[in-house]
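So you can see what is in the structure, the chains are spelled out below.
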Amino acid sequence: MQDFRMLSEREGRFLASRRVGHLATADARGTPHLVPVCFVVSDGALYITIDQKPKGDFRALKRLRNIAENPIAAFVVDRWDEDWSRLAWLQARGRAHALPEGPETDRARAALRDKYPQYQSTPLQGPVIRLDVEDWVGWDANTADD
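Residues numbered from 1 in each chain as written. Predicted model: local features only at pLDDT ≥ 70, side-chain atom pairs only at ≥ 80, totals over all residues. Heavy atoms only, no water.

1. A short note on the sheet that holds strand β7 (residues 128-140)
With respect to topology, seven strands assemble into an open sheet ordered β2-β1-β5-β6-β7-β4-β3, the strand pairing being antiparallel. This sheet does not close on itself; its edge strands, each paired only once, are β2 (32-37) and β3 (39-42). Here the strands of the sheet are splayed against their neighbours by 30° on average, with no regard to which way each runs. Of the strands in this sheet, β3, β4 (45-49) and β7 are in contact with helix α3 (residues 103-115), which crosses β3 at around 115°. (Pairing = 2+ DSSP bridges. Helix = DSSP H or I, 4+ residues; strand = E, 2+ residues; numbered from the N terminus. Axes fitted to C-alpha atoms, helices over the stretch in contact; angles between N-to-C directions. Contact = heavy atoms within 4.5 Å.)

2. Details of the confidence of the model for the protein chain
Residues of the protein chain with pLDDT of at least 70 account for 88%, and the chain-wide mean is 87. For the protein chain, per-element mean pLDDT is lowest for helix α1 (residues 9-17), which scores 90, and highest for strand β1 (residues 21-26), which scores 98. (pLDDT = per-residue confidence, 0-100.)

3. Some points on the pattern of salt bridges
In the structure shown here, the tally under the stated rule is 12 salt bridges. Note that Asp140 is salt-bridged to Arg10, the shortest N-O span being 2.1 Å. Here Asp140 is found in strand β7, whereas its partner Arg10 is found in helix α1, with 130 residues between them in sequence. Across the salt bridge formed by Asp132 and Arg130, the nearest N and O atoms sit 2.7 Å from each other. According to the relative accessible area criterion, Arg130 is buried, its value standing at 14%. Several salt bridges converge on common partners, so that one network encompasses Arg10, Arg79 and Asp140. (Salt bridge = Lys/Arg side-chain N within 4 Å of Asp/Glu carboxyl O. Buried < 20%, exposed > 50% of the residue type's maximum accessible area, 1.4 Å probe, protein only.)

4. Some words on the environment of Cys38
Mapped onto the secondary structure, Cys38 falls in the loop between β2 and β3. Note: C-alpha distance between Cys38 and Leu23 (15 residues apart in sequence) is 9.6 Å.

5. What about α3?
In this model α3 runs 19 Å from its N-terminal to its C-terminal C-alpha over 13 residues, within 8% of the 18 Å that 1.5 Å per residue would give. Every buried residue of α3 is accounted for by Glu104, Thr105, Ala108, Arg109, Ala111, Leu112 and Lys115. Taken around the axis of α3, the buried residues stretch over an arc of 160°, which confines them to a single face. Opposite its buried face, α3 presents the exposed residues Pro103 and Asp114, each directed more than 90 degrees away. Of the surrounding secondary structure, the elements contacted by the buried residues of α3 are α1, β3, β4 and β7. (Expected span 1.5 Å × (residues − 1). Arc of directions from axis to C-beta.)

As structure tokens, then:
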């Protein structure tokens, strides 16, 4: 699992404070796919949930098909503000894995429920994605705390 010590304390706080991230995957031909996601950092890993979808079968989701074909993925969180001195973003790049059911998936779902109160009443029965982060890159317009 990823060692998040490569993030500064400030970057770690920024990541933990974000409520939505964006997951970028690509199929075997390299065709990109980008979706907003709920996420949590827990036990040194970045987890992304797939909650109930109106499409029905989770395996039909493009992000999961892409991960099966090409596990290289990126994840970004950002802060937009009309005051451009507050703009910031942080991107993780690495390998994504759709986890099998088991203790790690259960722990990730519990951490997601803790972060997002909405999941207290919405079942988390879909797959959980773990992104094994290989590197981080980011930018912050200034050094003011969020």
